Amino acid sequence: MKLIVGLGNPGKEYENTRHNLGFIIVDRLVQKLNVELSKKKFNGLYCRTSEYILLQPQNYMNNSGECIRAFLNYFRIPVDNLLVIYDDIALPLGKFRYRSQGSAGGHNGVKDIIEVLGILQNFQSAEKEEIKKIIPDLLTDPNTQVGAVIVNQNKEIVATGYNETKYPYVVHAEANAIIHARQNCRGFSLYTTLFPCCECAKLIIQAGIKHIFYSHDKYNEKEEVMAAKRMLKDAGVEYGLVAAPKIVFER
């Protein structure tokens, strides 16, 4: 099953405007498939065929993400089977572009979808080099060898965290980074040295972080780590091991 979404705004005043190109294309597809866009669910108008669901979110373009996520979850459609149609002011009339990845390009409706779905975007070459510089700096800090970085969908670092050991208790790097972020981290990515513990996993889920990249599997077989992985997996948080500098890691 594939989900085809046309972005637009409900209401007569928006009909036949360029901003509603997504709605217009879906209307044409509905006519071509000889179906009716008459069903309502999750604040969206939709119809369903044996292969496709055609959807027009009705909660205004800049808030389209929640409706789309609800359809993906309810019908168990992988995000790879999602196609979003919208107008792009950077393109001349009559031209179209198909992209499987990339940024919102200033389109607030697409930005909301990326944030809500937590879609991971690939780093550009220059950005990869910058990340390579930042991660080792965290991991070789003189006060600790465990660090964490939170990165938003625009690949901007929004917070860093280290293990705090100067207090009677230990505050892990992941928790520190979330605290330092001081903002909604929904859909963001977390880069960390070691896989988070269960308490940090709970904070990661609450913060809305959707992707975790850890650079060392020293405690991978410990029950604490295995329990944290189960917890994160159940919450839909993706994680993976990435290459790390040759450093001795201690938590």
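These numbers were taken from a predicted model, which means no experiment stands behind them. (Residues numbered from 1 in each chain as written. Predicted model: local features only at pLDDT ≥ 70, side-chain atom pairs only at ≥ 80, totals over all residues. Heavy atoms only, no water.)

Student: Let's hear about the overall build of the protein: which residues, and what values?
Tutor: Within the protein, the regular secondary structure consists of seven helices and ten strands. Taken over 251 residues, the protein has a buried fraction of 43%. Looking at the protein alone, contacts between residues at least 24 apart form 59% of all its contacts between residues at least 6 apart. Element-wise, carbon and sulfur atoms account for 50% of the exposed surface of the protein, whose accessible area totals about 14500 Å². (Helix = DSSP H or I, 4+ residues; strand = E, 2+ residues; numbered from the N terminus. Buried < 20%, exposed > 50% of the residue type's maximum accessible area, 1.4 Å probe, protein only. Contact = heavy atoms within 4.5 Å. Areas by Shrake-Rupley, 256 points an atom, 1.4 Å probe, with all protein chains shown as cover.)

Student: Could you give an account of the packing of helix H5 (residues 173-181) against helix H6 (residues 198-207), naming the residues involved and the relevant values?
Tutor: When two helices pack together, their arrangement is given by the angle between the helix axes and by the axis-to-axis distance. Between H5 and H6, the shortest axis-to-axis distance is 9 Å and the interhelical angle comes to 30°. It follows from the interaxial angle that H5 and H6 lie roughly parallel. The hand of the H5/H6 crossing is left-handed. Only Cys200, Leu203, Ile204 and Ala207 of H6 make contact with H5, whose side of the interface consists of Glu174, Ala175 and Ile178. In terms of residue class, the contact of H5 with H6 is made up of six nonpolar, no polar and one charged. (Axes fitted to C-alpha atoms, helices over the stretch in contact; angles between N-to-C directions. Parallel < 35°, antiparallel > 145°, perpendicular 65-115°, else oblique. Left-handed = near helix turned anticlockwise from the far one by under 90°. Nonpolar A, V, L, I, M, F, W, Y, C, P; charged D, E, K, R; others polar.)

Student: Can you explain the pairing of strand E1 (residues 2-6)? Please cite residues and give values.
Tutor: Each regular strand shows side chains that alternate between the opposite faces of the sheet. Buried residues dominate E1, accounting for four of its five residues. The pairing of E1 with strand E4 (residues 52-57) spans four bridges and is parallel. Bridge pairing in E4 links Val5 to Leu55. Bridge analysis of E1 against strand E5 (residues 82-85) gives four bridges, and the strand direction is parallel. Across the sheet, Ile4 pairs through a bridge with Leu83, a residue of E5. (Pairing = 2+ DSSP bridges.)

Student: Requested: an account of the packing of aromatic side chains, with residues and values cited.
Tutor: Both the distance between ring centres and the angle between the ring planes are used here to describe each pair of aromatic rings. A full pass over the atoms with the stated rule returns nine aromatic pairs. Centre to centre, the rings of Tyr46 and Phe71 are 5.1 Å apart; their planes meet at 75°, and the pair counts as edge-to-face. Remark: Phe71 occurs in helix H2 (residues 65-74) and Tyr46 occurs in strand E3 (residues 44-48); sequence separation between them is 25 residues. For Tyr46, a relative accessible area of 8% puts it in the buried group. Three or more aromatic residues joined by ring pairs make a cluster, and in this case those are Phe42, Tyr46, Phe71, Tyr74 and Phe75. Lying over the aromatic face of Phe195, Lys229 brings its terminal NZ or CZ to 5.1 Å of the ring centre. (Phe/Tyr/Trp six-rings, centres within 6.5 Å; stacked < 30°, edge-to-face > 60°. Lys NZ or Arg CZ within 6 Å of the ring centre and 35° of its normal.)

Student: Explain the packing of H6 against helix H7 (residues 223-234) residue by residue, including any values.
Tutor: Where H6 contacts H7, the axes come no closer than 9 Å and their chain directions differ by 15°. Taken together, H6 and H7 sit at an angle that is classed as roughly parallel. Between H6 and H7 lies a crossing of right-handed hand. Residues Cys198, Ala201, Lys202, Ile204 and Ile205 of H6 pack against Glu224, Ala227, Ala228, Met231 and Leu232 of H7. Class assignment of the residues belonging to the contact of H6 with H7 gives a composition of eight nonpolar, no polar and two charged.

Student: Help me get a handle on the environment of Ala181, residues and values and all.
Tutor: Its location among the elements puts Ala181 in helix H5. With a relative accessible area of 7%, Ala181 lands in the buried category. As a C-alpha pair, Ala181 and Ala159 span 22 residues in sequence and 4.8 Å in three-dimensional space. If we skip the residues at most four places from it in the chain, Ala181 touches Ile150, Val158 and Ala159.

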